[in-house]
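# Descriptive analysis of the structure
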Amino acid sequence: MAPVPPGIRLLVSFDRDQWYRALTFILTFLLYTSFHLSRKPISIVKSELHKNCSSASEPATSASSSSQHLSVQLLHADMDCGWKPFDKSNYKQLLGAMDYSFLCAYAVGMYLSGIIGERLPIRLYLTVGMLASGLFTCLFGLGYTYNIHSLGFYIFVSVANGLVQTTGWPSVVTCISNWFGKGRRGLIMGLWNSHTSVGNILGSLIAGYWVSSNWGLSFIVPGLIIAAMGVVCFFFLIEHPNDLKTLYAEKSSPSSVPTKSCNGVNGHTEVFLQYNDNKTQSYDTELLLPRDCARVLVQPVMVVKSKSEPSAISFMGALRIPGVVEFSLCLLFAKLVSYTFLFWLPLYITKAAHLDAKKAGDLSTLFDVGGIVGGILAGVTSDKLGKRATTCAVMLLLAAPTLYGFSMISELGLGPTIGMLLLCGGLVNGPYALITTAVSADLGTHKSLKGNARALSTVTAIIDGTGSVGAALGPLLAGLLSAGGWDKVFYMLMAADFLALVLLLRLVMKELASIKSRPTAAVELKEH
């Protein structure tokens, strides 16, 4: 007999639950990757909506050019400077207002999304949200195809897209938390949360491919991808391990086994499992089961619904969970920094390094690469130390001077810029990733809830919804401040990091105090 290949041995070493757990991990990873993939194009297309026309508007070098010819040339250059209405000198404010409309709608919708998500099937809720998000993302791109220049149209699409995209985060966090317990949650969630950066990278590459030739496709292709992933979600997402137990219980129920009625005790007709008559029974079986009615009594089973089944938690009840308010406010400022980079980094690189839209978009992906490493590092460190708040605080403390260094070094050349992008990405996205995943899951299953697992979606939505307020403010402030110079934008980002750190100080002191109290408790036990 030939030996079994090592690969097959590896495959069969995992049980059925482990395979389903891996499927859920990969599927939810891909689902939320598509969400971020569909959000990224706007930051790449900004530099195409308003082009840098300084070179085009330079006067002709020919000495014979008349003043009339020069004025016509400048008028033509102004007409080719971008996509109306973003071709004027106030384009930064208009682009900032468009970002704000999306993120403000996202922040408001997130508070409602968690409450609704607790009361609806996650799979259906997420599927509808992804299909709707794909529709509105494609609509933005169709503005190029049908030559639409109305600011109201783009703001309406942004608001609608922001609302439907709120279905994603509470749903996938609840689903992944149902499948993975608290053991090594930081590491698992850190790896899993890299979908944010992967989605940003893929979104940048896809949008950058068409940005110079047909920026409408920079939105239409990601829109089709997220809609397709919504269909995949409908067919394959398993919300909870108990759903599988119900499925297998139905398959193994007595109703699927042949039965036969025979006279029972006291003349009652009873139902028995009928064995296959063609199958030869053993001698012991024939002794136990009469030949005329080989049977096993089917015992009646009564399913009793527990009267104490926990109900979905209220909004105020979720706020009373210890740590929810502090981490929510901290995320407000941490996400402000992260989303300012998400929406404005390619444009900043275009202006500071004088690169075209495609090269700036490709270079900006290094920030997300650093974010992947930072998220995993934050998760592993917090697992090892058992101190989520302290881990976030240390990374926030290091992030502020790093942002200042990036603003200084980014103009010195490509090499230093690459290094600072990776470092900034890790320190900025590390706390953001940890709070939105492992911390949210910990608080959503806090001991004060007494086992009520139906609070997870609401807690996740409150934390991320509060963070989304900062995500809405950051790009808006960046659009306003950048008119006076990019230095002001970086000062704003450093101040936001400092405030995020201050808001965590109480939880940090509490974690550090718990370390000091452990040796004392151990000594007291020994004395007794």
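How each quantity is defined
- One numbering rule holds for all chains: residues counted from 1, following each sequence as written.
- Under the rules for a predicted model, residues below a pLDDT of 70 receive no local features and side-chain atom pairs below 80 are neither given nor counted, while totals for whole chains, interfaces and linings still include all residues.
- Just so you know, side-chain values use all the structure's heavy atoms and leave hydrogens and water out.
- We count a stretch as a helix when DSSP gives it H or I for four or more residues in a row; a strand needs E for two or more, and each element gets its number in order from the N terminus.
- Throughout, a residue-residue contact means that at least one pair of heavy atoms, one from each residue, lies within 4.5 Å.
- For the accessible areas, the method is Shrake-Rupley and the probe is 1.4 Å, while residue cover comes only from the protein chains on display.
- To estimate the expected span of a helix, count its residues, drop one, and scale the result by 1.5 Å.
- For every residue, the accessible area obtained with a 1.4 Å probe (protein chains only) is divided by the maximum for its type, and the residue is called buried under 20%, exposed over 50%, and partly exposed between those limits.
- Grid spacing is 1 Å over the protein atoms alone, the probe is 1.4 Å, and a cavity is where that probe fits but cannot get out, while a pocket is an open set with protein on both sides within 12 Å along at least five of seven lines and lining residues have an atom within 4 Å of a point.
- Grid points are joined across faces, edges and corners, and a volume is the space filled by probe spheres set on the points.
- Here, nonpolar core refers to any group of buried Ala, Val, Leu, Ile, Met, Phe, Trp, Tyr and Cys residues whose side-chain atoms link them within 4.5 Å.
- Confidence of the predictor at the level of single residues is captured by pLDDT, which takes values from 0 to 100.
- For this analysis, a salt bridge means a side-chain nitrogen from Lys or Arg found within 4 Å of a carboxyl oxygen belonging to Asp or Glu.
- Axis angles are defined between N-to-C directions and span 0 to 180 degrees, where every axis is a line fitted to C-alpha atoms and, for a helix, only to the segment in contact.
- What sets the label is the angle itself: under 35 degrees gives roughly parallel, over 145 gives roughly antiparallel, 65 to 115 gives roughly perpendicular, and the rest give oblique.
- Working rule for handedness: look at the near helix, and if it is turned counterclockwise from the far one by less than a right angle, call the crossing left-handed; if clockwise, right-handed.
- Any residue that is not Ala, Val, Leu, Ile, Met, Phe, Trp, Tyr, Cys, Pro, Asp, Glu, Lys or Arg is counted as polar, Gly included; the first ten are nonpolar and the last four charged.

## Examining the overall build of the chain
- On a plain count of helices and strands, the chain comes out with 21 helices and three strands.
- Taking the intrachain contacts of the chain between residues at least 6 apart in sequence as the baseline, contacts between residues at least 24 apart amount to 81%.
- As displayed, the chain offers around 26000 Å² of accessible surface, 66% of which is attributable to carbon and sulfur atoms.

## Concerning helix α11 (residues 217–236)
- The end-to-end C-alpha distance of α11, which contains 20 residues, comes to 28 Å, matching closely the 28 Å that a straight helix rising 1.5 Å per residue would cover.
- For α11, the full list of buried residues reads Ser218, Phe219, Ile220, Pro222, Gly223, Ile226, Met229, Gly230 and Cys233.
- Each element contacted by the buried residues of α11 is listed here: α2 (16–39), α3 (41–49), α6 (122–145) and α10 (195–210).

## So, empty space enclosed by the protein
- Taken as a whole and judged by the stated rule, the model has six cavities of 30 Å³ or more.
- Of the pockets and cavities examined, the largest cavity occupies roughly 160 Å³.
- Lining the largest cavity are 13 residues, with Ile42, Phe102, Ser158, Asn161 and Phe219 positioned closest to its centre.
- Taken together, the elements giving at least two residues each to the lining of the largest cavity come down to α2, α5 (91–117), α6 and α7 (151–164).
- By volume, the second largest cavity amounts to about 90 Å³.
- Residue lining of the second largest cavity: 14 residues in total, with Asn200, Ser338, Leu342, Phe367 and Asp368 positioned closest to the centre.
- Listed by contribution, the elements that provide at least two residues to the lining of the second largest cavity are α10, α15 (324–353), α16 (357–385) and α18 (414–444).

## What to know about unusual backbone geometry
- The residue after Lys84, namely Pro85, is reached through a cis peptide bond having omega 5°.
- Its place among the elements puts Pro85 in the loop between α4 (67–79) and α5.
- One non-glycine residue, Asn147, adopts positive backbone phi at about 55°.
- Among the structural elements, Asn147 can be located in the loop between α6 and α7.
- The class of Asn147 is partly exposed, set by a relative accessible area of 48%.

## As for the nonpolar core
- Membership of the largest hydrophobic core comes to 110 residues, with the highest contact counts inside it found for Leu49, Phe341, Phe406 and Leu493.
- The element contributing the most residues to this core is α15, with 15 residues.

## Describing the confidence of the model for the chain
- Averaged over all residues, the pLDDT of the chain equals 78, while 76% of them reach at least 70.
- Ranking the helices and strands of the chain by mean pLDDT puts α11 first, with 96, and helix α13 (residues 283–288) last, with 40.
- Low pLDDT, under 50, characterises residues 520–528; the predicted model gives this stretch zero contacts beyond four residues in sequence or across chains.

## Observations regarding the pattern of salt bridges
- Applying the stated criterion across every chain, the model contains four salt bridges.
- With its nearest N and O atoms 2.3 Å apart, the salt bridge here joins Arg506 to Glu326. Of this pair, Arg506 sits in helix α21 (residues 505–527) while Glu326 sits in helix α15; the two residues are 180 residues apart in sequence, bridging distant segments of the chain.
- For Arg506, a relative accessible area of 49% translates into the label partly exposed.
- Asp464 is the partner of Lys335 in a salt bridge, and the nearest nitrogen-oxygen pair spans 2.8 Å. On the criterion of sequence distance, the pair formed by Lys335 in helix α15 and Asp464 in helix α19 (residues 456–481) is long-range, its members being 129 residues apart. For the pair Lys335 and Asp464, a shared accessibility class is recorded, and that class is buried.

## Section: the packing of α3 against α5
- Where α3 contacts α5, the two axes come as close as 11 Å, and the packing angle between them is 155°. Taken together, α3 and α5 sit at an angle that is classed as roughly antiparallel. Viewed along their axes, α3 and α5 form a crossing whose handedness is right-handed. Of α5, the residues touching α3 (which contributes Ile42, Lys46 and Leu49) are Leu95, Met98 and Asp99.
- Considered class by class, the residues forming the contact of α3 with α5 number four nonpolar, no polar and two charged.

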